[in-house]
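# A closer look at the structure
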Amino acid sequence: MTTGVQTVQRFSDILESPPPDAALPLSLVLVGAGKMGGALLDGWLKSGLDPVRVTIIDPHPSADIVRIAAERGIGLNPASGDIGAPEVLVLAVKPQFLDEIAPDLARLAAPGTLVLSILAGKTLDNLSQRLPGTRAIVRAMPNLPASIGRGITGVVAASGTSEAQRATATVLLSGAGAVEWLDDESLIDALTGVSGSGPAYVFYLVEALAEAGVAAGLPAALSQRLARATVTGAGALLDQSPLSAAELREAVTSKGGTTAAALAVLSGENGIGPIVTQAVAAARRRAGELSG
Ligand SMILES: NC(=O)C1=CN([C@@H]2O[C@H](COP(=O)(O)OP(=O)(O)OC[C@H]3O[C@@H](n4cnc5c(N)ncnc54)[C@H](OP(=O)(O)O)[C@@H]3O)[C@@H](O)[C@H]2O)C=CC1
Ligand SMILES: O=C(O)[C@@H]1CCC=N1
């Protein structure tokens, strides 16, 4: 096994430190407090954002959001006339709802407001047309491990976004994990196909591995425990080891052994490489379809 090749950074190494002059915003409105909006909120509160500076707009908030809002003093669905244009307006609804909500939100996107959208597919240009009051728009694509502060988020900004606003976006998104700034917006749909949707592929692999175990004769509950522990253990090793994924794979694979037999199937013509390439391309394509 090759050792000491520092080809992979640990997760803690790729966490981008917010710029020293960056500050949490003085006012923030979160539109949509579902799975991802809720995860981001959790990260902001852990990062020290003052809850009384946060307002949530969500017509059907979960019991958890209602409880957190009540406990922490977060404004939840105040009368629209009581909400002023915030320093940061975060959009975290499904992309299909953007057209419906944009007219009501336009008044909240005033000059000086930073709009931070996590909507899959929705372009900076599209957001700018729907929220013409501000030129400061950031498009981000987080992923579900954000809910434990272990996400990775791709970000791109419209040209009207100031350095201070970019720094604010970095601070807010750092609460969800690592942050990767992109210069080229066209890359974000591909990034969505890799890291935005990617956690689902891994969970699906766990399901498939557990089902394969049952097909090979294992009791279902045991097979599920084995599959889950194998993926979480492999993920933790990948995080902590200096070795690359390929080197770790080689470390499992004895010449002429069982893993080599399995990998011959997985690396075949209809194996995992071509299938994952097709899956990422499909996600990227779908992001493009959601852009309009
Ligand atoms: N889930 C993920 O892993 C990721 C999601 N995203 C993006 O995050 C966004 C949200 O996705 P996700 O959190 O999964 O979806 P959810 O459905 O969990 O969250 C969306 C929330 O918005 C609420 N909502 C619906 N209509 C309105 C409205 N008019 N005003 C305010 N809130 C409203 C929904 O309420 P109700 O449930 O009642 O409809 C729900 O609570 C999407 O744009 C998605 O592309 C990005 C990266 C990863
Ligand atoms: O499935 C979706 O469209 C969203 C974007 C990335 C993850 N979930």
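Residues numbered from 1 in each chain as written. Chains lettered and ligands numbered in written order. Predicted model: local features only at pLDDT ≥ 70, side-chain atom pairs only at ≥ 80, totals over all residues. Heavy atoms only, no water.

Under the annotation held in an unreviewed UniProt entry, the protein chain carries the name Pyrroline-5-carboxylate reductase and is attributed to Pseudochelatococcus lubricantis. UniProt lists a comment for the protein chain under the heading Subcellular location (unreviewed entry), and it reads "Cytoplasm". (UniProt positions renumbered as here; feature names shortened; annotations may be inferred.)

On to the site of ligand 2. Close to ligand 2 lie A120, M141, G196 and S197. Burial of ligand 2 by the protein chains amounts to 47% of its free accessible area of 240 Å². Under a 2 Å grid-point criterion requiring more than half of the atoms, the pocket assigned to ligand 2 is the second largest pocket. Its residues assigned to classes, the shell around ligand 2 shows 2 nonpolar, 2 polar and no charged. (Near = heavy atom within 4 Å. Areas by Shrake-Rupley, 256 points an atom, 1.4 Å probe, with all protein chains shown as cover. 1 Å grid on protein atoms, 1.4 Å probe; cavity = no way out; pocket = protein on both sides within 12 Å on 5 of 7 lines; lining within 4 Å. Sits in = over half its atoms within 2 Å of the grid points. Nonpolar A, V, L, I, M, F, W, Y, C, P; charged D, E, K, R; others polar.)

Attention now goes to the pattern of salt bridges. Within the structure shown, the criterion is met by 9 salt bridges. With a shortest N-O distance of 2.8 Å, K46 and D42 are connected by a salt bridge. Of this pair, K46 and D42 both sit in helix α2 (residues 35–47), 4 residues apart, roughly one helical turn. Judged by its relative accessible area of 66%, K46 is exposed. Residue D189 is joined to R139 by a salt bridge in which the shortest nitrogen-to-oxygen separation is 2.8 Å. Here the residue D189 occupies a position in helix α7 (residues 188–196), and R139 occupies one in strand β6 (residues 137–141), the gap between them amounting to 50 residues. Note on D189: relative accessible area 15%, which makes it buried. (Salt bridge = Lys/Arg side-chain N within 4 Å of Asp/Glu carboxyl O. Helix = DSSP H or I, 4+ residues; strand = E, 2+ residues; numbered from the N terminus. Buried < 20%, exposed > 50% of the residue type's maximum accessible area, 1.4 Å probe, protein only.)

With respect to topology, 8 strands assemble into an open sheet ordered β3-β2-β1-β4-β5-β6-β7-β8, the strand pairing being mixed. The open sheet is flanked by β3 (75–76) and β8 (177–181), the only strands paired with a single partner. Relative to strand β4 (residues 88–91), strand β1 (residues 28–31) runs parallel, the two being bridged by 4 bridges. Residue pairing across strands places L28 opposite V88, the latter belonging to β4. Where α2 meets the sheet, it contacts β1, β2 (54–57) and β4, and its direction lies at approximately 155° from that of β1. (Pairing = 2+ DSSP bridges. Contact = heavy atoms within 4.5 Å. Axes fitted to C-alpha atoms, helices over the stretch in contact; angles between N-to-C directions.)

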